[in-house]
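Each chain, written out:
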Amino acid sequence: MEDKVEDVARAVAGKELVIVTGGLGGGTGSGGIPVIGKRLKEGKRVTIAVVNIPFSSEGDLRRRNAKESLKEVMAVYDAIFVNFNDKLLTVHPGLSLINAFRHMDKRLEEIIWFILTLQEARPLPGLIHVDFNVFKKIAKNAGLCTFGRGKAPNIGDAFFEALRNKDLYCKHDITGCKGVIIEVIGPENSISPVDATRVPEYLSRNFNISDVYWGVKPEWVTGVLEVCLLAAGVKSQEVESFIG
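Keep in mind that this is a model prediction, so the values were computed, not measured. (Residues numbered from 1 in each chain as written. Predicted model: local features only at pLDDT ≥ 70, side-chain atom pairs only at ≥ 80, totals over all residues. Heavy atoms only, no water.)

K.L.:
Is there a simple way to explain the overall build of the chain in this structure?
P.N.:
The number of helices and strands found in the chain is 9 helices and 7 strands. Since a compact globule built from 244 residues should have a radius of gyration of about 18 Å, the 18 Å found for the chain is in line with a globular shape. Dimensions of the chain along its principal axes, counting C-alpha atoms only, are 55 × 45 × 30 Å. Every one of the 244 residues in the chain was classed for burial, and the buried ones make up 51%. Of the contacts formed within the chain by residues at least 6 apart in sequence, a portion of 83% connects residues at least 24 apart. Accessible surface, the chain as shown: approximately 11,700 Å² in total, 53% of it carbon and sulfur. (Helix = DSSP H or I, 4+ residues; strand = E, 2+ residues; numbered from the N terminus. Rg over C-alpha atoms; globule rule 2.2 N^0.38 Å. Buried < 20%, exposed > 50% of the residue type's maximum accessible area, 1.4 Å probe, protein only. Contact = heavy atoms within 4.5 Å. Areas by Shrake-Rupley, 256 points an atom, 1.4 Å probe, with all protein chains shown as cover.)

K.L.:
Would you explain the sheet that holds strand β6 (residues 212-218) in this entry?
P.N.:
Hydrogen bonds along the backbone pair up the strands of a sheet, which may run parallel or antiparallel. Spatial ordering of the open sheet is given by β1-β2-β3-β4-β7-β5-β6, a layout of 7 strands whose pairing is mixed. For this open sheet the edge positions go to β1 (17-23) and β6, each flanked by a neighbour on one side alone. Taken pair by pair, the neighbouring strands of this sheet meet at an average axis angle of 25 degrees, ignoring direction. Summarising the sheet, strand β3 (residues 79-84) and strand β4 (residues 143-152) pair through 2 bridges and their orientation is parallel. For Ala79, the partnering residue across the bridge sits in β4 and is Gly143. (Pairing = 2+ DSSP bridges. Axes fitted to C-alpha atoms, helices over the stretch in contact; angles between N-to-C directions.)

K.L.:
What is the right way to read the environment of Lys140 from this model?
P.N.:
Tracing the sequence through the fold places Lys140 in the loop between α6 (132-139) and β4. Judged by its relative accessible area of 19%, Lys140 falls in the buried class. Separated by 36 residues in the primary sequence, Lys140 and Met104 place their C-alpha atoms 24 Å from one another. In terms of polar contacts, Lys140 uses its side chain to reach the side chain of Asp78, at 3.5 Å. (Polar contact = N/O pair within 3.5 Å; in protein donor to acceptor, adjacent residues only side chain to side chain.)

K.L.:
Just checking my understanding: could you explain the packing of helix α2 (residues 27-40) against helix α3 (residues 60-76) for this structure?
P.N.:
Each pair of packed helices can be summarised by the angle the axes make with each other and by the distance between the axes. Viewed as axis vectors pointing N to C, α2 and α3 meet at an angle of 10 degrees, and their least axial separation amounts to 9 Å. Classified by the angle between their axes, α2 and α3 sit roughly parallel to one another. Taking contact as the criterion, the partners of Gly29, Ser30, Ile33, Pro34, Gly37 and Lys38 in α2 are, on α3, Asn65, Ala66, Ser69, Glu72, Val73 and Val76. Residues of the contact of α2 with α3, tallied by class, amount to 5 nonpolar, 5 polar and 2 charged. (Parallel < 35°, antiparallel > 145°, perpendicular 65-115°, else oblique. Nonpolar A, V, L, I, M, F, W, Y, C, P; charged D, E, K, R; others polar.)

Right under this line is the structure:
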């Protein structure tokens, strides 16, 4: 294991961001993910873990292993995204197991895609601009994080869909969190003055969030807008109950 960890460390030397993903409960993920995190968390680098918690039906041993491993993961990574496999039973009950997991895996793809597109986000007059440096600022030592993505004809509806979708595989409470990044995928002129004030005011009034960052990734689509929402430093009763 130590040799493999050093191989990983050499492969990501000098990188600003490292994302590690895997399932907890077995030997490889439960043992390897925390060890890699300890080795890589240094300097200004941001380390992110995206981990899956086994089904309840997989037995007490795997669940206990996952519990202890998750405690370690949360202690050594900057930002942690947690997915509970049990959520597949209610979110995708009609799909085959393989296709249900593909939907969960897509969440990881969306998080990576979102982070990469921050490099392309355009500033907007009168709004706190978001870029990769802002992401690093709120992700560093953030703890639990959540991500949601919504599509609708207007920003308001897309925002609320993203807010709901953040809880697909783990329910989160974003109240008082460290910060929120909102990225709109659509025409640069798609954000009205009303949108620019309504969304931050809603987050401030309902969740006591003061740091809300905006960006637009220009894309000339018609009929639909996308809103991506990433909240850092959130709480989760489900995670807290699981780790005890």
